[in-house]
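Chain and residue survey
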Amino acid sequence: MTIYGWIQLAVYVALLLLVTKPVGVYLARVLDPGGKTFLDPCLKPAERLIYRALCIEPASEQGWKEYALSMFLFSAAAAVFSYLILRLQDVLPLNLEGFGPMSGHLAFNTAVSFVSNTNWQNYSGESTLSYFSQMVALVFQNFASAAVGVAVAAALVRGIARHAAATIGNFWVDLVRVTLYLLLPLSLVYAIFLVWQGVPETFGANVKAAGFEAGQVIARGPVASQEAIKMVGTNGGGFFNANSAHPFENPTPLSNFIQMLSIFLIPAGLTWYLGHSVKNKGHGWTLWAAMAAIFLAGGLASLGVNQSQGNMEGKEVRFGVAASSLFATVTTDASCGAVNAMHDSFTPLGGLVPLVNIELGEVVFGGAGAGLYGMLIFVVLTVFLAGLMVGRTPEYLGKKIESFDVKMCVLYVVITIFGILGFAAAAALAKWGLAGLGNAGPHGLSEILYAYSSCAGNNGSAFAGLNGNSFAYDVTLGLAMLLGRFLVMAPLLALAGNLASKKIVPVSGGSFPVSGLTFGALLVGTVLIVGALTFLPALSLGPIVEHYLMRASTALFG
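Here's a quick rundown of the structure. (Residues numbered from 1 in each chain as written. Predicted model: local features only at pLDDT ≥ 70, side-chain atom pairs only at ≥ 80, totals over all residues. Heavy atoms only, no water.)

**Comments concerning the overall build of the protein**
Heads up, the condition is: In DSSP terms, a helix is any run of H or I states spanning at least four residues, a strand is any run of E spanning at least two, and both are numbered starting from the N terminus. The globule rule used here is 2.2 Å times the number of residues to the 0.38 power, and the radius of gyration it is set against is calculated over C-alpha atoms. For each residue, the accessible area found with a 1.4 Å probe, counting protein chains only, is set against the maximum for its type, and the residue is called buried under 20%, exposed over 50%, and partly exposed in between. What sets the accessible areas is the Shrake-Rupley method with a 1.4 Å probe; for residues, cover comes only from the shown protein chains. Positive residues here are Lys and Arg, negative ones are Asp and Glu, while His and the chain termini are left out of the count. The atoms used to mark charge sites are NZ of Lys, CZ of Arg, CG of Asp and CD of Glu.
Helix and strand counts for the protein come out as 19 helices and 4 strands. Compactness check: the protein gives a C-alpha radius of gyration of 23 Å against a globular reference of 24 Å for 558 residues, within 12% of the reference. Seen along its three principal axes, the alpha-carbon backbone of the protein occupies a region of about 75 × 60 × 45 Å. The buried share of the protein, taken over its 558 residues, is 58%. When the accessible area of the protein is evaluated, it comes to approximately 21200 Å², of which 70% is carbon and sulfur surface. Each charge class in the protein was averaged separately, 27 positive and 26 negative side chains, and the resulting centres sit 11 Å apart.

**Here we look at the packing of aromatic side chains**
Here is the rule we go by: Whether two aromatic rings pair depends on their centres lying within 6.5 Å, for rings of Phe, Tyr and Trp, where Trp uses its six-membered ring; planes under 30 degrees apart make the pair stacked, over 60 edge-to-face, and the rest tilted. A ring is scored as having a charge over it whenever the NZ atom of a lysine or the CZ atom of an arginine sits within 6 Å of its centre and within 35 degrees of its normal.
In this structure the tally under the stated criterion is 23 aromatic pairs. Taken together, a centroid distance of 5.9 Å and an interplanar angle of 50 degrees make the contact between Tyr-26 and Phe-38 tilted. Of this pair, Tyr-26 sits in helix 1 (residues 3-31) while Phe-38 sits in the loop between helix 1 and helix 2 (40-53), and the two are 12 residues apart along the sequence. Judged by relative accessible area, which is 15%, Tyr-26 ranks as buried. Taken together, a centroid distance of 6.2 Å and an interplanar angle of 65 degrees make the contact between Trp-285 and Trp-288 edge-to-face. Of this pair, Trp-285 and Trp-288 are both found in helix 10 (residues 281-303), 3 residues apart, which corresponds to roughly one turn of the helix. Taken together through their ring pairs, the aromatic side chains of Tyr-12, Phe-257, Phe-264, Trp-285, Trp-288, Phe-295 and Phe-365 make up a single cluster. Over the ring of Tyr-181 we find Arg-177; its NZ or CZ atom is 4.6 Å from the centre of that ring.

**Description of the side chain of Thr-286**
Heads up, the rule is: In the analysis that follows, any N or O atom pair within 3.5 Å is treated as a polar contact, provided that within protein one partner can donate a hydrogen and the other can accept it, and provided that, for residues neighboring in sequence, both atoms belong to side chains. Whether two residues touch is decided by their heavy atoms; if any such pair falls within 4.5 Å, the residues are in contact.
In this fold, Thr-286 is placed in helix 10. You can call Thr-286 buried: its relative accessible area is 7%. A distance of 2.7 Å separates a polar side-chain atom of Thr-286 from the backbone oxygen of Gly-282. Those residues in contact with Thr-286 that lie beyond four places of it in its chain are Val-514, Ser-515, Gly-516, Phe-519 and Gly-520.

**Some thoughts on the packing of helix 1 against helix 9 (residues 253-277)**
Put simply, the test is: Working convention: axes come from line fits to C-alpha atoms, limited for helices to the stretch in contact. Angles between N-to-C directions cover 0 to 180 degrees. Any angle that falls under 35 degrees is termed roughly parallel, while one over 145 is termed roughly antiparallel, one within 65 to 115 roughly perpendicular, and all others oblique. Left-handed describes a crossing in which the near helix is turned anticlockwise from the far one by less than a right angle; the clockwise case is right-handed. Each residue receives one of three labels: charged for Asp, Glu, Lys and Arg, nonpolar for Ala, Val, Leu, Ile, Met, Phe, Trp, Tyr, Cys and Pro, and polar for the others, Gly being one of them.
Put simply, helix 1 and helix 9 touch, their axes get as near as 6 Å, and they point 50 degrees apart. As judged from the angle between their axes, helix 1 and helix 9 are oblique. Two packed elements cross with a definite hand, and for helix 1 against helix 9 that hand is right-handed. Residues that form the contact of helix 1 with helix 9 fall into these classes: 20 nonpolar, 6 polar and 1 charged.

**With respect to a nonpolar patch on the surface**
Heads up, the condition is: Patches draw on residues past 30% relative accessible area with no salt bridge. Two like charges within 9 Å are joined, as are two nonpolar side chains (Val, Leu, Ile, Met, Phe, Trp, Tyr) within 5 Å. Any carboxyl oxygen of Asp or Glu within 4 Å of a side-chain nitrogen of Lys or Arg constitutes a salt bridge here.
Where nonpolar side chains cluster on the molecular surface, the patch consists of Ile-3, Tyr-4, Trp-6, Ile-7, Val-11, Leu-15, Leu-18 and Leu-300 and spans about 820 Å² of accessible area. With 7 residues, the single largest contributor to the nonpolar patch is helix 1. Relative to the helices and strands, Ile-3 resides in helix 1. Residue Ile-3 is classed as exposed on the basis of its relative accessible area, which comes to 55%.

**Remarks on the packing of helix 17 (residues 471-487) against helix 18 (residues 489-501)**
Axis separation between helix 17 and helix 18 bottoms out at 6 Å; the angle between their running directions is 5 degrees. By the angle between their axes, helix 17 is roughly parallel relative to helix 18. Across the interface between the two elements, Arg-485, Phe-486 and Leu-487 from helix 17 touch Met-489, Ala-490 and Pro-491 from helix 18. Classifying every residue of the contact of helix 17 with helix 18 gives 5 nonpolar, no polar and 1 charged.

Encoded structure:
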């Protein structure tokens, strides 16, 4: 860790802290009923037109069941839409290279991947997909899936903030406003910045290089527009197979730094939005501090790994070890999955850190919306445990936490755990699972564990040694994505509806302060106990065993 690495980390955290409140203020204006933004003069007519065209009554709100049904129907329709484009891309326009259709199982995996904000890619974008498929089937989902995540987070925040209420908002209004007022403007400005930095944005066909390697094909395309929403929406799916390690996606140190900052931009702002909505800004900042503490712990662990025992294959040499380690930490703390170096090529402990980050539940700032609602699950669990400590019925912001609330939180956690360990165990025992491995032994287990952790955690990054493009892997990884994204949303929204219906109770001995150092420490402890210890046995057989084998090999052979 050089002085430049320390400076980069310090500047990163300082800038993230600096932008949290402005982004949160803007999010409140987008998500609060009747909120007004500086973009209203330009975008309000378009918003009204969309409501009219889709027969949406913006003043009408929904209970949690109607909200959930709307979200599920929209996401299912979006997945079918993308699936059909991928299967029919050979007859659709802007297929300049003449790519054929995706196989059925790969199209299923890809459509589910992008609709769930996972962006797991069992294909190479530049050699598999047409420009039309990239822009319409995938970039559309980048906007939609990010908007769904923010909308669901807002619904849960409303459930916490309201009392004796039967509604938690209107899904269609949230979806439209997040897309129109937040994601589109941010992506437009960001795409212009990326073009300035050297990222291509063209409909021109691939070109053949002349000179040193005559005949080499250089892929290009509408990259900047996909790259922008890929980062802002914590999607992570790259236009190119190498993702943000490709110089056309991430050309300069400045673009690399801004990409890392943009991943946490919306998740950090949502913590301020929470504090504003529940009229307890200290609570929002406590969540921010808890997230930052876990982020720094993981980041310093990653940066402290001895790189001398690794090799250079798969490493990012343009930006250096510190920038690549920080990028890996940021992208796996969030449900982003963009990479500027191949995690499969990290040392065993270097690969352990991103894997643990994902398995904590993507709550360390996390994805767009997903990070906040995931952390709020742990907040409720923390409040429940604190109540048990004092022997009273636990209360959260004036509402009693009862058995139904705890059951919904536990169900949320258990679903994700099953999506990771259940499918990973099946793959590790099956011939089809072992056939996809690029390595045997503990590293092979790490490849399988990382794949299902990434998919169930809606991250999308991979240990690239695994060949996941087979019928069994495509289907099971797709099912893990659906579990980790949509099945958990049912108990989540049920929790939101139940909290909204509760009445405020006077402060009592069961009330526990939800801001400050004590609560922050309890919250971090709950995340680590539930998240990390659950997966410790599997991690012990994978990256931890591999680390000691590497140490033994180094001692034996020098």
